[in-house]
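One letter stands for each residue in the lines below.
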Amino acid sequence: MIHSIRQGDQQAFSYLYDKYSNALLGVINTYTESQEEAEDVLQTCFVKIWNNFGQYSEDKGRLYTWMLNIARNSAIDYTRSKGSKNNKKNQSIDGNMYELNKNYNHSENYDHIGLNTILQKLKEEHQEIIKLAYFEGFTHEEVSKQLNMPLGTVKTKIRQAILNLRELIK
Amino acid sequence: MELKEFIASGIIESYLLGTATSNEVEMVHSMLKKYPELEDEITAIELALITASSNSKPVNADLKNRIFESIDFTPKQTSGPAENMVPFSSSKTTGRWTRYVVAASVVALIASLLLNVMLYMNMNRASNDMARLNDQNIKMQSELASQNSSISQMKDQMAVMTDTSNQKITLKGLTPQPDALATVYWNPEKNNVHLYVNNLIPAPDGKQYQLWAIVDGKPVDAGVFDCAKGVGLQNMKNISNAQAFAVTLEKAGGSPTPTLEAMYLIGNV
């Protein structure tokens with residue numbers, strides 16, 4: 001499939017969309033306030049995926065992980081431009097903290113989509129850690145700081161959370 | 001690293017979440033090569049993540065059409081970052097022009113030098129050719145001149161020999177050289193004398209052959225001559241009323257009277 005898309009195969013790209021758009025939209029949804037906004041960001045995200053597909057290489061990791069990064073970045077770009085337009089009060093808060101806080105706030109904003117039923121079945125702390133590590137793209141160290149939790153514990157909890165997810169999928 | 005240990009390390013999760021360092025990515029790939037069964041673990045975690053973020057509501061079907069209409073699916077020239085290509089700095093237009101002009105001048109100069117060398121070589125060759133042809137021409141002219149002179153000489157000799165008013169007297173060898181032979185053409189009316197040496201040993205140094213005419217029983221000097229080969233018919237002194245001709249070997253320049261002992265040739269009219 002990857003090879004076909006590199007060759008410019010629209011069919012293969014359509015398959016890619018069908019397979020991953022829902023998951024990516026779920027990630028994007030955590031950043032946006034409405035479904036319409038999320039869909040706009042998803043559009044930007046897939047345009048980027050198509051236009052930059054030549055830059056993807058299996059050596060760098062999984063295709064989904066690559067697309068996940070594009071989805072997160074598109075969403076962050078969106079919230080930034082939106083923030084600079086509407087929320088001037090936030091402009092004085094700089095860099096990472098702004099981003100972290102903003103994203104963190106967004107993670108409480110799931111109501112408009114109806115949170116994924118499987119995710120909801122997880123323990124509260126596992127849900128929290130999945131949101132940070134997966135949706136927000138925090139590194140283990142960042143999660144450790146954010147939750148004021150030792151790094152080793154973060155790794156274990158991420159792994160446990162995912163193992164629980166795998167159990168729920170079966 | 002053992003497979004179990006590696007799976008428990010949390011690196012695979014970071015790898016899939018997109019937060020792994022490049023070292024960790026490499027580690028995953030090398031472990032995958034070593035333990036192909038690791039692929040199942042990776043796929044399972046990936047699927048769990050995809051499922052966790054997928055909405056329970058399906059994605060709006062119109063959204064796909066909208067997105068696909070906004071994508072330019074025309075074949076890509078290059079998949080690379082064409083926008084990132086740095087164009088030739090346009091602010092340096094004049095510098096570029098100067099470079100072109102300099103480059104063009106250098107090319108023109110080199111071409112000119114090559115042309116000069118080529119023309120110089122051609123000129124050298126041409127002037128060599130010309131000198132050689134000139135030499136040839138001179139040589140041929142001199143050959144022509146000498147042939148012309150020998151032709152005119154032969155014409156003269158022919159005229160003497162075919163002149164019916166001339167008498168032909170054959171002089172035969174005597175004791176000093178019995179096989180000696182010479183021919184005298186004498187015109188009794190005009191008194192012209194011509195001598196042709198048929199066979200006569202060359203005169204020794206300091207000596208010369210001398211032709212005599214016998215007029216009324218007395219020898220009369222008709223001049224000294226050379227007997228070198230190719231001399232042809234030699235014009236001698238005029239003689240009238242000759243009865244005979246003789247040749248003696250005398251001292252160079254000739255003698256007033258012949259040395260009879262050294263008489264080589266004689267012939268009667």
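The structure this text deals with has already been given above.
What you see is a predicted model, and the numbers here were worked out from it, not measured in a lab. (Residues numbered from 1 in each chain as written. Chains lettered and ligands numbered in written order. Predicted model: local features only at pLDDT ≥ 70, side-chain atom pairs only at ≥ 80, totals over all residues.)

What to know about the overall build of chain B
Then comes step 1: Scanning chain B from N- to C-terminus turns up six helices and eight strands.
Then comes step 2: In chain B, the succession of α and β elements from N to C terminus is α-α-α-α-α-α-β-β-β-β-β-β-β-β.
Then comes step 3: The buried share among the 269 residues of chain B stands at 20%.
Then comes step 4: Considering only contacts within chain B whose residues lie at least 6 apart along the sequence, 57% involve residues at least 24 apart. (Helix = DSSP H or I, 4+ residues; strand = E, 2+ residues; numbered from the N terminus. Buried ≥ 20, exposed ≤ 12 C-beta atoms within 10 Å, placed from the backbone. Contact = placed C-beta atoms within 7 Å.)

Some words on the overall build of chain A
Then comes step 1: When helices and strands are tallied, chain A shows nine helices and zero strands.
Then comes step 2: When the elements of chain A are put in sequence order from the N terminus, they spell out α-α-α-α-α-α-α-α-α.
Then comes step 3: The buried share of chain A, taken over its 170 residues, is 35%.
Then comes step 4: In chain A, the proportion of contacts linking residues at least 24 apart, taken out of those at least 6 apart, comes to 58%.

Description of the interface of chain B and chain A
It is common to give the size of an interface as the accessible area that goes away when the parts come together.
Then comes step 1: The partner chain A presents 45 residues to the 36 residues of chain B that form the contact.
Then comes step 2: Contributions of two or more residues to the side of chain B that touches chain A are made by helix 2 (11–17), helix 4 (38–53) and helix 5 (61–70) of chain B.
Then comes step 3: Here the side of chain B that touches chain A is built from residues that sort into 17 nonpolar, 13 polar and six charged. (Nonpolar A, V, L, I, M, F, W, Y, C, P; charged D, E, K, R; others polar.)

A look at the nonpolar core
Then comes step 1: In this structure, Leu-24, Ile-28, Leu-42 and Ala-133 of chain A are the most contacted members of the largest nonpolar core, which totals 53 residues.
Then comes step 2: Going through the elements one at a time, helix 2 (10–29), helix 3 (35–51), helix 4 (63–86), helix 7 (124–135) and helix 9 (151–169) of chain A together with helix 2 and helix 4 of chain B are the ones with two or more residues in this core.
Then comes step 3: Element by element, the count of residues in this core is highest for helix 2 of chain A, at nine residues.
Then comes step 4: Counting 27 residues, the second largest nonpolar core, distinct from the first, contains Val-193, Val-197, Tyr-209 and Phe-245 of chain B. (Core = buried A, V, L, I, M, F, W, Y, C linked by C-beta atoms within 7 Å.)

Remarks on the sheet that holds strand 7 (residues 242–251) of chain B
Residues and elements named next belong to chain B.
Then comes step 1: Sheet architecture is open: eight strands sit in the order 5-4-7-8-1-2-3-6, paired in antiparallel fashion. Edge positions in the sheet fall to strand 5 (218–225) and strand 6 (234–236), since each has one partner strand and no second. Taken pair by pair, the neighbouring strands of this sheet meet at an average axis angle of 25°, ignoring direction.
Then comes step 2: Across five bridges, the pairing between strand 7 and strand 8 (residues 263–268) is antiparallel. Across the sheet, the residue bridging to Thr-248 is Met-263, located in strand 8. (Pairing = 2+ DSSP bridges. Axes fitted to C-alpha atoms, helices over the stretch in contact; angles between N-to-C directions.)

Remarks on unusual backbone geometry
Note: most residues except glycine have negative phi, and most peptide bonds are trans.
Then comes step 1: In this structure, Asn-148 of chain A is a non-glycine residue whose phi angle is positive, near 55°.
Then comes step 2: Inspection of the secondary structure assignment puts Asn-148 of chain A in the loop between helix 8 (140–147) and helix 9.
Then comes step 3: In the Ramachandran plot, Asp-216 of chain B falls in the positive-phi region, its phi being about 55° despite a non-glycine side chain.
Then comes step 4: Residue placement: Asp-216 of chain B occurs in the loop between strand 4 (207–215) and strand 5.
Then comes step 5: The exposed category is assigned to Asp-216 of chain B, around which 8 C-beta atoms lie within 10 Å.

Quick look at the packing of helix 9 of chain A against helix 4 of chain B
Then comes step 1: The contact between helix 9 of chain A and helix 4 of chain B brings their axes to 9 Å, and the two run at 80°. Judged by the inter-axis angle, helix 9 of chain A sits roughly perpendicular to helix 4 of chain B. Contact residues: Ile-162, Leu-165, Arg-166 and Ile-169 of chain A in helix 9 of chain A; Ala-44, Ile-45, Leu-47, Ala-48, Thr-51 and Ala-52 of chain B in helix 4 of chain B.
Then comes step 2: Taken together, the residues of the contact of helix 9 of chain A with helix 4 of chain B sort by class into eight nonpolar, one polar and one charged. (Parallel < 35°, antiparallel > 145°, perpendicular 65-115°, else oblique.)

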